[in-house]
Amino acid sequence: MSHIYMISHTEIYSLYDIPVIFYDQLGIGKSTHLRDKPAECWTPELFMDELDNLLVQLGVESDFDLLGHSWGGMLAA
């Protein structure tokens with residue numbers, strides 16, 4: 001499921017001026033889809049590495065709150 005169902009969280013920015021970043025995990029929504037990768041490629045470590053890379057690229061790796069749902073919630077924990 002893509003991030004679209006969480007769009008209402010933009011009110012956090014509107015009300016409190018706190019930036020909100022929506023992130024579609026690898027293979028979901030508007031992110032990169034790697035359809036030819038074997039099943040053993042898709043590990044929790046891959047998704048954690050992808051998130052870590054994104055946080056570094058955005059320059060927020062040491063100052064963020066993370067909200068995840070379903071699979072994303074498991075990773076966020």
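Everything here concerns the structure above.
Residues numbered from 1 in each chain as written. Predicted model: local features only at pLDDT ≥ 70, side-chain atom pairs only at ≥ 80, totals over all residues. Heavy atoms only, no water.

1. Overview of unusual backbone geometry
So, step 1. Here Asp17, not a glycine, exhibits a phi torsion of approximately 60 degrees, which is positive.
So, step 2. Mapped onto the fold, Asp17 is located in the loop between α1 (11–16) and α2 (44–58).
So, step 3. Look at Ser70: it is not a glycine, yet its phi comes out positive at around 60 degrees.
So, step 4. You can see Ser70 is positioned in the loop between α2 and α3 (71–76).
So, step 5. Overall, Ser70 belongs to the exposed group, its relative accessible area being 58%. (Helix = DSSP H or I, 4+ residues; strand = E, 2+ residues; numbered from the N terminus. Buried < 20%, exposed > 50% of the residue type's maximum accessible area, 1.4 Å probe, protein only.)

2. Details of the packing of aromatic side chains
So, step 1. Inspection of every chain in the model, using the stated rule, returns two aromatic pairs.
So, step 2. Judged by centre distance (6.0 Å) and plane angle (35 degrees), the rings of Trp42 and Phe47 are tilted.
So, step 3. By relative accessible area, Trp42 is classed as partly exposed at 29%.
So, step 4. The buried category is assigned to Phe47, whose relative accessible area is 9%.
So, step 5. When the centroid spacing of 5.6 Å and the interplanar angle of 80 degrees are considered together, the rings of Phe47 and Trp71 count as edge-to-face. Of the two residues, Phe47 is situated in helix α2 and Trp71 in helix α3; the sequence distance between them amounts to 24 residues.
So, step 6. Given a relative accessible area of 36%, Trp71 falls into the partly exposed group.
So, step 7. Taken together through their ring pairs, the aromatic side chains of Trp42, Phe47 and Trp71 make up a single cluster. (Phe/Tyr/Trp six-rings, centres within 6.5 Å; stacked < 30°, edge-to-face > 60°.)

3. Notes on a nonpolar patch on the surface
So, step 1. A cluster of nonpolar side chains, Ile12, Leu15, Tyr16 and Ile18, forms an exposed patch at the surface whose accessible area comes to about 420 Å².
So, step 2. With respect to the helices, strands and loops of the structure, Ile18 is situated in the loop between α1 and α2.
So, step 3. Overall, Ile18 belongs to the partly exposed group, its relative accessible area being 43%. (Patch = residues over 30% accessible without salt bridge, like charges linked within 9 Å, V, L, I, M, F, W, Y side chains within 5 Å. Areas by Shrake-Rupley, 256 points an atom, 1.4 Å probe, with all protein chains shown as cover. Salt bridge = Lys/Arg side-chain N within 4 Å of Asp/Glu carboxyl O.)

Nothing here speaks to function; it is all geometry.
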